[in-house]
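# Examination of the molecular architecture
Residues per chain, in single letters:
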Amino acid sequence: MTSFIAGLPKAELHVHHVGSASPRIVAELAARHEGASPVPADPEALAEYFAFRDFAHFIDVYLTVVDLIRDDEDVRVLTFEIARELSRQQVRYAELTVTPYSSVKRGIPAKAFCEAIEDARRGAATEFGVDLRWCFDIPGEAGLAAAEQTLAIALEERPDGLISFGLGGPEVGVPRPQFKPYFDQARAAGLHSVPHAGETTGPETVWDAIRELGAERIGHGISAAQDPELTAYLAEHQIPLEISPTSNLRTRAVPSLDEHPLARLVAAGVPVSINSDDPPMFGTTLEQEYAVASRLLGLDDAGVADLARAAVKQSFLDSSGQARLLAEIDAYTVRSA
Ligand SMILES: O=c1[nH]cnc2c1ncn2[C@@H]1O[C@H](CO)[C@@H](O)[C@H]1O
């Protein structure tokens, strides 16, 4: 199974920019800011640093890593190295969640930030054959000021790879409806709506994401399993959930993988994609998330290939791009039979 997964062409829809910084990149950045950061440069100490008491603690730790990214060269190197790791896992297409507000607030001009990610995007395509797209997300803990600036950067800079608009950070104490004006404008400008919801709060935030923010996909959304009406609605309207099993375990959103609602959601007909969210921070990789999902769903190789196909079909890649990637998955599956 694992060798089949390793070679399987994939698409990833829910993976965060800074959250994907490898231990080596974090160590290099931490060493550069020696002493001024709580983030350890030693990879072993870093693995211990990435142990989270709860979701709020995870966000606090996440932001200490964001603090290490000080200039556009850091942004470009980080992004290019993420593409290298994605290509190592046979990821052909990824929608990377990027939070420009947090870097602009730390002194990196929006234009330089966008030029850096676009430079890395071009490099990813030519060097690794990885097609990167951007989701610009609002860090929810920074509220409406962050929403305002994230939308402004999205519409004024409009980097070529930008395709969607999201909402990340904590859900507790950050109601979704307040962000409706910003999602309305982003959607009117042709950006897809993909907010987080139902990760650390109940089904009502998933309803809000759908009804108030026009969500086309939901980041996590796992608490939908608590509400049969919502589960049926997601299945009927085929609104996909971007599922990251180990993330939910490591941020304590679920008590154990065996209690993860993935299987119940799939059994109810809810479309899902499998993702890694913040792989180094959660001590995982996309390949490992596919292995977790295949165990939880009792899949054989054909079933695992269907997970990859589902992610492609739920992506915002154009139809010709989707057809190309689906054909590659089919050819791989035949070769591996
Ligand atoms: O699993 C997650 N849920 C919500 N936000 C997340 C997650 N992983 C990374 N972020 C990121 O946390 C930052 C908060 O300021 C945002 O950049 C958001 O994208």
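So, here is what we can say about the structure in this document. Model, not experiment: these values are computed from the prediction.

### Observations concerning the pairing of strand β2 (residues 91-98)
Among the eight residues in β2, seven count as buried, and that is most of the element. Relative to β2, strand β1 (residues 10-16) is paired through five bridges, and the arrangement is parallel. Note that in β2 the partner of V15 across the bridge is L96. Relative to strand β3 (residues 131-139), β2 runs parallel, the two being bridged by six bridges. Residue pairing for β3: Y93 is matched across the bridge by D131.

### Here we look at the pattern of salt bridges
Overall, the coordinates contain 18 salt bridges when judged by the stated rule. Between R24 and E28 there is a salt bridge; the shortest N-O distance is 2.9 Å. Note that R24 and E28 are positioned in helix α2 (residues 23-32) at a spacing of four residues, about one turn of the helix. On the basis of relative accessibility, which here comes to 46%, the residue R24 falls in the partly exposed class. With its nearest N and O atoms 2.8 Å apart, the salt bridge here joins R88 to E85. In this pair, R88 and E85 are both assigned in helix α5 (residues 72-88), three residues apart and thus about one turn of the helix distant.

### Description of the packing of helix α15 (residues 301-314) against helix α16 (residues 319-336)
Where α15 meets α16, the closest approach of the two axes is 10 Å, and the angle between their N-to-C directions is 175 degrees. Between α15 and α16, the interaxial angle falls into the category roughly antiparallel. Taking contact as the criterion, the partners of A305, A308, R309, V312 and K313 in α15 are, on α16, Q322, L325, L326, I329, D330 and T333. In terms of residue class, the contact of α15 with α16 is built from six nonpolar, two polar and three charged.

### Some words on the sheet that holds β3
As summarised here, the arrangement of the five strands in space is β1-β2-β3-β4-β5, forming an open sheet in which the pairing is parallel. This sheet does not close on itself; its edge strands, each paired only once, are β1 and β5 (192-193). Sheet topology places β3 next to strand β4 (residues 162-168); six bridges connect them, and they run parallel. Counted as the bridge partner of C135 is S164 from β4. Strands in contact with helix α9 (residues 180-188) are β3, β4 and β5; relative to β4, the strand with the most contacts, it is inclined by about 170 degrees.

### Some words on the layout of surface pockets
A water-sized probe, rolled over the atoms, reveals where empty space remains. Computed from the structure, the largest pocket encloses a volume of approximately 280 Å³. Residue assignment for the lining of the largest pocket shows that the elements contributing at least two residues are β1, α2 and α5. Split by residue class, the lining of the largest pocket holds 10 nonpolar, six polar and five charged.

### Comments concerning the nonpolar core
Ranked by internal contacts, the top residues of the largest apolar core, which has 110 residues, are L8, F136, I218 and Y290. Here this core gets seven residues from one element, more than from any other, and that element is helix α4 (residues 55-66). Those residues in contact with Y290, other than ones at most four positions away along the chain, are I5, L8, K10, A11, I274, V304, L307, A308 and A311.

The rules we used
- Residues numbered from 1 in each chain as written.
- Predicted model: local features only at pLDDT ≥ 70, side-chain atom pairs only at ≥ 80, totals over all residues.
- Heavy atoms only, no water.
- Buried < 20%, exposed > 50% of the residue type's maximum accessible area, 1.4 Å probe, protein only.
- Helix = DSSP H or I, 4+ residues; strand = E, 2+ residues; numbered from the N terminus.
- Pairing = 2+ DSSP bridges.
- Salt bridge = Lys/Arg side-chain N within 4 Å of Asp/Glu carboxyl O.
- Axes fitted to C-alpha atoms, helices over the stretch in contact; angles between N-to-C directions.
- Parallel < 35°, antiparallel > 145°, perpendicular 65-115°, else oblique.
- Contact = heavy atoms within 4.5 Å.
- Nonpolar A, V, L, I, M, F, W, Y, C, P; charged D, E, K, R; others polar.
- 1 Å grid on protein atoms, 1.4 Å probe; cavity = no way out; pocket = protein on both sides within 12 Å on 5 of 7 lines; lining within 4 Å.
- Points joined across faces, edges and corners; volume = space filled by probe spheres on them.
- Core = buried A, V, L, I, M, F, W, Y, C linked by side-chain atoms within 4.5 Å.

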